[in-house]
Amino acid sequence: MDKPELVAEHLARNLVAFRQVRNLTQGALAKSADVPRSTIANLESSNGNPSLTVLVKVANALDVPLDELLASPRAKVRKWARDELATQSAGRGITIRSLIPERVPDEVLNVMDFAPGASMRGSPHLPGTREFFTCLSGNVTIFVAGDRFDLTAGDVLAFPGNVPHSYRNTDTNKAAQGVSAVLFARAGV
């Protein structure tokens, strides 16, 4: 078992690493965790003596298990089995699952599986949002602001996410698959 001063060092190192990977400032993390910014600064300098409530708030804001926040140095490797990954149905015949199971700020990366003939409307986002769709297999047609774009395996389409758009597998006999990356615009920027 680690000595208390080592746990504080592990917490400081892990907190900085998780915050930087998520491209968060101390202030943004503090706001998300509903704690003062000075609390985050103290934790990152190994000077904090946080309550369990503060640790849980920070772990939840970073979307990491509490034990990973306090863990001693080791390889940060985690495997998710396919059945552990959440999926959702969208539109008619489309299944969506996150490409990255951990939260990534300001973006969404999804794998989209299209049944034969499947279709769905996209959700409009704030102006400045960019969407990228890569067709992995089959044929996917994307309509953006009334214009039609036919994609085959390997094709990539980039478009503004704030305009009306929809996805369709026009092949009624074969499934299709693609990856959708949505890079959100920040409100007020």
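Everything quoted here is computed from the prediction, not taken from an experiment.

Visitor: Report on the pairing of strand 1 (residues 87–90), specifying residues and quantitative values.
Guide: Across four bridges, the pairing between strand 1 and strand 2 (residues 92–98) is antiparallel. In the strand pairing of strand 2, Gln88 is matched with Ile96. Taken together, strand 1 and the strand that follows it, strand 2, pair antiparallel across an intervening segment of one residue, in which Gly91 is found at a positive phi of about 55 degrees.

Visitor: Run through the packing of aromatic side chains, naming residues and quoting values.
Guide: Counted by the stated rule, this structure contains two aromatic pairs. With centroids separated by 6.2 Å and ring planes inclined at 80 degrees, the aromatic side chains of Phe114 and Phe133 adopt a geometry described as edge-to-face. With Phe114 in strand 3 (residues 107–121) and Phe133 in strand 4 (residues 130–137), this pair connects stretches of sequence that are 19 residues apart. With a relative accessible area of 0%, Phe133 lands in the buried category. An angle of 50 degrees between the planes, with centres 5.8 Å apart, marks the rings of Phe133 and Tyr167 as tilted. Here Phe133 is found in strand 4, whereas its partner Tyr167 is found in strand 8 (residues 165–168), with 34 residues between them in sequence. With respect to burial, Phe133 and Tyr167 carry one shared label: buried. Of the aromatic side chains, those joined through ring pairs into one cluster are Phe114, Phe133 and Tyr167.

Visitor: Got a sec to walk through the side chain of His165? Specific residues and values, please.
Guide: Relative to the helices and strands, His165 resides in strand 8. Residue classification places His165 among the buried residues on the basis of a relative accessible area of 5%. Among the polar contacts listed, one links the side chain of His165 to the side chain of Glu131, at a separation of 3.2 Å. Once residues within four sequence positions are removed from consideration, His165 is found in contact with Arg121, Gly122, Ser123, Glu131, Phe143, Val144 and Phe159.

Visitor: Could you give an account of the side chain of Thr129, naming the residues involved and the relevant values?
Guide: Mapped onto the elements, Thr129 comes out in the loop between strand 3 and strand 4. Exposure remark for Thr129: the relative accessible area of 1% places this residue in the buried category. Here the side chain of Thr129 touches Leu126 through a polar contact of 2.9 Å, landing on its backbone oxygen. A distance of 3.1 Å separates a polar side-chain atom of Thr129 from the backbone nitrogen of Ala185. Not counting the four nearest positions on each side in its chain, Thr129 is found in contact with Phe159, Pro160, Gly161, Asn162, Val182, Leu183, Phe184 and Ala185.

Visitor: Before we move on, can you summarise a nonpolar patch on the surface with the specific residues and values?
Guide: Together, Phe132, Val156 and Leu183 line one region of the surface with nonpolar side chains, adding up to about 230 Å² of accessible area. Mapping Leu183 onto the fold places it in strand 9 (residues 176–183).

Each value, and the rule that gives it
Residues numbered from 1 in each chain as written. Predicted model: local features only at pLDDT ≥ 70, side-chain atom pairs only at ≥ 80, totals over all residues. Heavy atoms only, no water. Pairing = 2+ DSSP bridges. Helix = DSSP H or I, 4+ residues; strand = E, 2+ residues; numbered from the N terminus. Phe/Tyr/Trp six-rings, centres within 6.5 Å; stacked < 30°, edge-to-face > 60°. Buried < 20%, exposed > 50% of the residue type's maximum accessible area, 1.4 Å probe, protein only. Polar contact = N/O pair within 3.5 Å; in protein donor to acceptor, adjacent residues only side chain to side chain. Contact = heavy atoms within 4.5 Å. Patch = residues over 30% accessible without salt bridge, like charges linked within 9 Å, V, L, I, M, F, W, Y side chains within 5 Å. Areas by Shrake-Rupley, 256 points an atom, 1.4 Å probe, with all protein chains shown as cover. Salt bridge = Lys/Arg side-chain N within 4 Å of Asp/Glu carboxyl O.

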